[in-house]
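What the coordinates show
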Amino acid sequence: MAAKTEILPEKGKRNVLITSALPYVNNVPHLGNIIGSVLSADVFARYCRARGYQTLYICGTDEYGTATETKAIEDKCTPQELCDKYYKIHSEVYEWFEISFDIFGRTPTQQQTDIAQDIFSKLHQNGYLEEKTTTQPYCEHHHGFLADRFVEGTCPHEDCRYEDARGDQCDKCGRLIEPLDLINPKCKLDGATPQAKETKHVFLLLDKLQSAVEEWSSKSSKDGAWSSNGIDITESWLKKGLHARGITRDLKWGTKVPLPGYENKVLYVWFDACIGYISITANYTQQWEKWWRDPENVSLYQFMGKDNVPFHTVVFPASQIGTKEKWTMLNHLSTTEYLNYESGKFSKSRNVGVFGNNAKDTGVHPDVWRYYLLSKRPESGDSEFKWDDFIAANNSELLSNLGNFVNRVIKFVNGTNFDSRVPEHSYGEYETLREHIGEVNNALKNYVEAMDAVKLRKGLEDWRHISSLGNKLLQSHRLDNKLASSNPSLCAAVVGLALNHIHLLASIIAPYLPATSASILQQLNMQTLVIPDEWKADSITPGHQIGKAAYLFSTIKPEKAAEWREAYGGEEVQRQKREKESLAAKKKLDKERSKAKKAGKKTESQAIGQSVESIEKDGAQGPNAEEAIKEVTDGVAQAVLQTS
């Protein structure tokens, strides 16, 4: 098997370097994670390739840091064993979703160590690092300093007060936090209250780099047309003023700090995580600098959820600027808000929501998942996953619009009128066909503009409109056997135009629905069409033999919504379940009260124990049921006292 040719930037071409946020390897990605970065970046990468751009799509797992150490301790394994397990899970999920990484790498590599330590050393040489003695949380229970994420408590900001804030960042308000500033801080591992203890760390002097970061971000955000929420978050950080931030931690799992006296410390994950993009590229090609040190010829597009923005628009660029070396820096920032689930939030611990491995279990094709998630991409505000909408998207949009158009045309050409061969045809004498080409080109122009601007939901709407124009073409000319016999010339022209329309559709839907596009191309017996600036409807010529028609989509029964909602939780389902459990517990309560009156000779503890055990055998669980159990306990105790 021949070695795969490396993708490298070329002078005179549009060179696009794409990254999606490196996922942590301490859990299974849910649908919000997938649409927020990897799937969105995949659509754009596929589009860029279809336009003929030199395109490299980089991603990988972020394996160092506190989150990994914490999870490894919880799972009673080593960090390496944990990372190996979840790297495999992530890889399988993304493979099923047909994410077209050019490399899906990992951060614990020699390249990561070399590049991260080199950047650190350059910052140190240039006077942007400073050693400080700091007070850090120390757990007396397990005798160790606690990294930020090992500390949990209430957010100290008065306008927030989120009770589950972490020691590095509040997930609710998004602001960075010092762990000892938390209200009622607790050690994540054992619940002990951490004590303040002095330790030495290295700080990145972001305040000395602020003016340079402001100048860069002002230009980049305008030239690259960043997402509005990305601009807002970055400007908020800069407006408040940047401060020196610690970039070393008292951990074992991470990139070693290249300074004497720091042998037992590592680089902070949010300093070296973004460097992972560079090191993974270096694992892809030894000529990685052609991508990462050529800002004049390479445009960097980065995809992520909004909580990752500051590290990509402030900390990482500051680190690049501080080396005083040439770097390819962020050009376009594409960020998303949150995807919610059935009026609630995704929660692995509460088994609420669809996670990457669950999608496969439904038996629904990956392209349907890709389509629905992209149609709900939370670009300007939070969006919501709903099973009823998911089914409607398949049945009413994919099947009835795109599927119907493609199948109707190819089946017709497969029939006796043409025997699967494209007839001789010409559009010139038919004004309606020329108008159709014009309409499609107007829509195609909108599609290209949307995709170039990374407006992926708009791009989806544009190609869906182009598909609708195909159905309009068939309906307005009444393509059927009657037209074939009464006006064979017009029929042949409509067939030729419709087949070329389908060929164009196969190309513009490919970034969104790669398997569907491949099926259409197989049915057309054609190669993919490079997405053109102007469509001329001449790629499929007279005499071409097409393949056999095949269905692109199948109907999903509406009743599947209830089945999947039950299987994968959702706030309403959980509420109904709790009400049912509570009712069962209440009924049991009445029975136990009656029994207790006859149990006057039993001790209080025996009666309570028997009652609670009785309810637990019935399987009543959840917060309402727990309250009911407590009520049973209290009621039985009172009854026993009354009859004693």
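Residues numbered from 1 in each chain as written. Predicted model: local features only at pLDDT ≥ 70, side-chain atom pairs only at ≥ 80, totals over all residues. Heavy atoms only, no water.

Looking only at helices and strands, the chain has 22 helices and 16 strands in total. With 644 residues in all, the chain has 56% of them scored as buried. For the chain, the share of sequence-separated contacts (at least 6 apart) that also reach a separation of at least 24 residues comes to 77%. As presented, the chain carries roughly 28900 Å² of accessible surface, and 47% of it is formed by carbon and sulfur atoms. (Helix = DSSP H or I, 4+ residues; strand = E, 2+ residues; numbered from the N terminus. Buried < 20%, exposed > 50% of the residue type's maximum accessible area, 1.4 Å probe, protein only. Contact = heavy atoms within 4.5 Å. Areas by Shrake-Rupley, 256 points an atom, 1.4 Å probe, with all protein chains shown as cover.)

What follows concerns the side chain of threonine 107. As for its position among the elements, threonine 107 is in the loop between strand S3 (103-106) and helix H4 (110-125). Take threonine 107: its relative accessible area is 1%, and that puts it in the buried class. A polar atom in the side chain of threonine 107 sits 2.9 Å from the backbone nitrogen of glutamate 63. Residues in contact with threonine 107, not counting those within four places in the same chain, are Leu22, Thr61, Asp62, Glu63, Tyr64, Gln112 and Gly276. (Polar contact = N/O pair within 3.5 Å; in protein donor to acceptor, adjacent residues only side chain to side chain.)

As a further point, take helix H19 (residues 560-567). Taken together, the buried positions of H19 are Ala561, Trp564 and Arg565. Taken around the axis of H19, the buried residues stretch over an arc of 105°, which confines them to a single face. Positive phi shows up at glycine 569, right after H19, with a value of about 75°. (Arc of directions from axis to C-beta.)

In a beta sheet, neighbouring strands are held together by backbone hydrogen bonds and run either parallel or antiparallel to one another. In space, the 3 strands of this open sheet follow the order S7-S6-S8, with antiparallel pairing throughout. Across the chains shown, the open sheet's two edge strands, defined by having one partner strand only, are strand S7 (165-166) and strand S8 (183-187). Across 3 bridges, strand S6 (residues 151-154) lies against S8 in antiparallel orientation. Bridging from a neighbouring strand, valine 151 pairs with cysteine 187 of S8. (Pairing = 2+ DSSP bridges.)

So, on to the pattern of salt bridges. Here the structure, examined in full by the defined rule, presents 35 salt bridges. Residue aspartate 389 is joined to lysine 376 by a salt bridge in which the shortest nitrogen-to-oxygen separation is 3.7 Å. With aspartate 389 in helix H13 (residues 387-414) and lysine 376 in the loop between helix H12 (366-375) and strand S16 (383-385), this residue pair connects regions lying 13 residues apart in the sequence. Judged by its relative accessible area of 31%, aspartate 389 is partly exposed. The structure contains a network of salt bridges with shared partners spanning Asp118, Lys122, Glu289, Arg293 and Glu325. (Salt bridge = Lys/Arg side-chain N within 4 Å of Asp/Glu carboxyl O.)

What follows is about empty space enclosed by the protein. Overall, the coordinates contain 3 cavities of 30 Å³ or more when judged by the stated rule. Computed from the structure, the largest cavity encloses a volume of approximately 60 Å³. Of all elements in the fold, only strand S10 (245-246), helix H7 (269-272) and helix H10 (309-322) reach the threshold of two or more residues within the lining of the largest cavity. (1 Å grid on protein atoms, 1.4 Å probe; cavity = no way out; pocket = protein on both sides within 12 Å on 5 of 7 lines; lining within 4 Å. Points joined across faces, edges and corners; volume = space filled by probe spheres on them.)

With that settled, the discussion passes to the sheet that holds strand S9 (residues 195-204). Spatially, the 4 strands line up as an open sheet ordered S5-S4-S9-S10, and their pairing is antiparallel. Either end of the sheet is taken by a strand with one partner, and the two such strands are strand S5 (144-145) and S10. Bridge count between S9 and S10: 2 bridges; the pairing is antiparallel. Note that in S10 the partner of phenylalanine 203 across the bridge is glycine 246.

Another aspect to go through is the pairing of strand S13 (residues 298-305). A large share of S13 lies buried, amounting to 7 of its 8 residues. Pairing analysis gives 6 bridges linking strand S1 (residues 15-20) to S13, with the strands arranged parallel. Bridging across to S13, valine 16 finds its partner in serine 299. Of the pairings in the sheet, the one linking S13 to strand S14 (residues 330-336) comprises 6 bridges and is parallel in character. Of the residues in S14, the one forming a bridge with leucine 300 is leucine 330. Assessed by its sense of winding, the connection that carries the chain from S13 through H10 to S14 is right-handed. (Right-handed = clockwise from strand over helix to strand, strands pointing away.)

With respect to the secondary-structure elements, alanine 318 resides in helix H10. Classification of alanine 318 by relative accessible area gives buried; the value is 0%. Placed 111 residues apart in sequence, alanine 318 and aspartate 207 show a C-alpha to C-alpha distance of 9.9 Å. The contacts of alanine 318, once residues within four sequence positions are left out, are Leu123, Leu206, Leu209 and Val213.

Trp369, Phe390 and Trp463 are the most contacted members of the largest nonpolar core, which has 166 residues in total. In contact with phenylalanine 390, not counting residues within four places along its chain, are Val364, Val368, Trp369, Tyr372, Phe385, Ile556 and Trp564. The next biggest cluster of nonpolar side chains, apart from the first, holds 14 residues, and it includes Ala147, Phe150, Ala165 and Cys170. (Core = buried A, V, L, I, M, F, W, Y, C linked by side-chain atoms within 4.5 Å.)

Let us look at the packing of H13 against helix H15 (residues 456-477). Relative to each other, H13 and H15 sit at 50°, their axes nearing to 9 Å. As far as their axial angle goes, H15 and H13 are oblique. Relative to H15, the crossing made by H13 is left-handed. On H15, the residues touching Glu397, Leu398, Ser400, Asn401, Leu402, Asn404, Phe405, Arg408 and Val409 of H13 are Trp463, Arg464, Ser467, Ser468, Gly470, Asn471, Leu474 and Gln475. Split by residue class, the contact of H13 with H15 holds 6 nonpolar, 8 polar and 3 charged. (Axes fitted to C-alpha atoms, helices over the stretch in contact; angles between N-to-C directions. Parallel < 35°, antiparallel > 145°, perpendicular 65-115°, else oblique. Left-handed = near helix turned anticlockwise from the far one by under 90°. Nonpolar A, V, L, I, M, F, W, Y, C, P; charged D, E, K, R; others polar.)

Within the structure shown, the criterion is met by 33 aromatic pairs. When the ring centre of tyrosine 53 is taken as reference, the NZ or CZ atom of arginine 14 above it lies at 4.6 Å. (Phe/Tyr/Trp six-rings, centres within 6.5 Å; stacked < 30°, edge-to-face > 60°. Lys NZ or Arg CZ within 6 Å of the ring centre and 35° of its normal.)

Let us now look at the packing of H13 against helix H17 (residues 488-509). Direction vectors running N to C along H13 and H17 enclose 135°, while the axes themselves pass 10 Å from each other. On the basis of their axis angle, the class for H13 and H17 is oblique. Here the hand of the crossing between H13 and H17 comes out left-handed. Residues Leu402, Phe405, Val406, Val409, Phe412 and Val413 of H13 pack against Cys491, Val495, Ala498, Leu499, His501, Ile502, Leu505 and Ile509 of H17. Residues of the contact of H13 with H17, tallied by class, amount to 13 nonpolar, 1 polar and no charged.

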